[in-house]
Structures are given as C-alpha cells and as structure tokens.
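# What the coordinates show
Take a look at the letters that make up each chain.
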Amino acid sequence: MANEVQTRSGSCPTHGTVDATRTLPGPSFPFVVYAVRRLIATRRPYRCPTCGAAVTTI
Ligand SMILES: [Zn+2]
C-alpha cells in the first residue's frame, strides 16, 4: 500500500523556510494496526527534506 506524504511549510533551524514533509502509513490490515500507526504518525513533527530536523510549523 502506498504511504501518504503530507507537505507543509515550516521553519528549519538550519535552512529557514522549507517545505517540510512527513509520511503517514497507507491503509493496511488489520485496520486497528493501521489506525494506531497512523495516529502515532500524525503526532510526529514535520521534517526538513534536506537535514531531517524537526521543523516548526505554523
Ligand atoms: Zn534543514
């Protein structure tokens, strides 16, 4: 299953304003596992595509 990539403008401490990304897991079976994995993923910060540092999003 394809993962979902979310993109958002954020501020990297090193690179300034970047298009930060994070990946959410795609649908999988059983659904409960998918729901938990996705919930965890949505609580992770967005990351700078260049250095991988957590960025500050607005
Ligand atoms: Zn960076």
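Computed from a predicted structure; not experimentally measured.

## Notes on the overall build of the protein chain
Along the protein chain, the regular secondary structure elements total one helix and three strands. In terms of overall dimensions, the protein chain has a C-alpha envelope of 40 × 20 × 15 Å along the principal axes. When the 58 residues of the protein chain are sorted by exposure, 22% land in the buried category. Summarising the internal contacts of the protein chain: among those between residues at least 6 apart in sequence, 40% fall at separations of at least 24. When the accessible area of the protein chain is evaluated, it comes to approximately 4100 Å², of which 58% is carbon and sulfur surface.

## Side note on the pairing of strand β1 (residues 4–12)
Residues in a regular strand project their side chains so that they alternate between the two faces of the sheet. The pairing of β1 with strand β2 (residues 16–24) spans nine bridges and is antiparallel. Looking at β2, one finds that Gly10 is bridged to Val18. The pairing of β1 with strand β3 (residues 56–57) spans two bridges and is antiparallel. Looking at β3, one finds that Ser11 is bridged to Thr56.

## So, the side chain of Arg22
Mapped onto the elements of the fold, Arg22 is located in strand β2. For Arg22, which is buried and forms no salt bridge, the nearest opposite charge comes from Glu4, at a distance of 8.3 Å. Within the structure, Arg22 has its side chain in polar contact with the backbone oxygen of Thr42 (distance 3.0 Å). In terms of polar contacts, Arg22 uses its side chain to reach the backbone carbonyl oxygen of Arg44, at 2.8 Å.

## Things to note about a nonpolar patch on the surface
A contiguous nonpolar patch, built from Val32, Val36 and Ile40 and spanning about 270 Å² of accessible area, is present on the exposed surface. Structurally, the position occupied by Val32 is in helix α1 (residues 31–42). According to the relative accessible area criterion, Val32 is exposed, its value standing at 59%.

## Comments concerning the coordination of the zinc ion
Taken together, the protein donors to the zinc ion comprise Cys12 (SG), His15 (ND1), Cys48 (SG) and Cys51 (SG), at separations of 1.9 to 2.3 Å. Every donor counted, the four donor atoms about the zinc ion form angles of 101 to 116° at the centre, which fits tetrahedral coordination. Every donor residue of the zinc ion comes from the same chain, spaced as C-x2-H-x32-C-x2-C. On the accessibility criterion, His15 (36% relative accessible area) is partly exposed.

Definitions and limits used
- Residues numbered from 1 in each chain as written.
- Predicted model: local features only at pLDDT ≥ 70, side-chain atom pairs only at ≥ 80, totals over all residues.
- Heavy atoms only, no water.
- Helix = DSSP H or I, 4+ residues; strand = E, 2+ residues; numbered from the N terminus.
- Buried < 20%, exposed > 50% of the residue type's maximum accessible area, 1.4 Å probe, protein only.
- Contact = heavy atoms within 4.5 Å.
- Areas by Shrake-Rupley, 256 points an atom, 1.4 Å probe, with all protein chains shown as cover.
- Pairing = 2+ DSSP bridges.
- Lys, Arg positive; Asp, Glu negative; His and termini not counted.
- Salt bridge = Lys/Arg side-chain N within 4 Å of Asp/Glu carboxyl O.
- Polar contact = N/O pair within 3.5 Å; in protein donor to acceptor, adjacent residues only side chain to side chain.
- Patch = residues over 30% accessible without salt bridge, like charges linked within 9 Å, V, L, I, M, F, W, Y side chains within 5 Å.
- Donors = N, O, S within 2.8 Å, 3.2 Å for Na, K, Ca; no water.
- Tetrahedral: all angles 85-135°; square planar, octahedral: opposite > 155°, others 65-115°.

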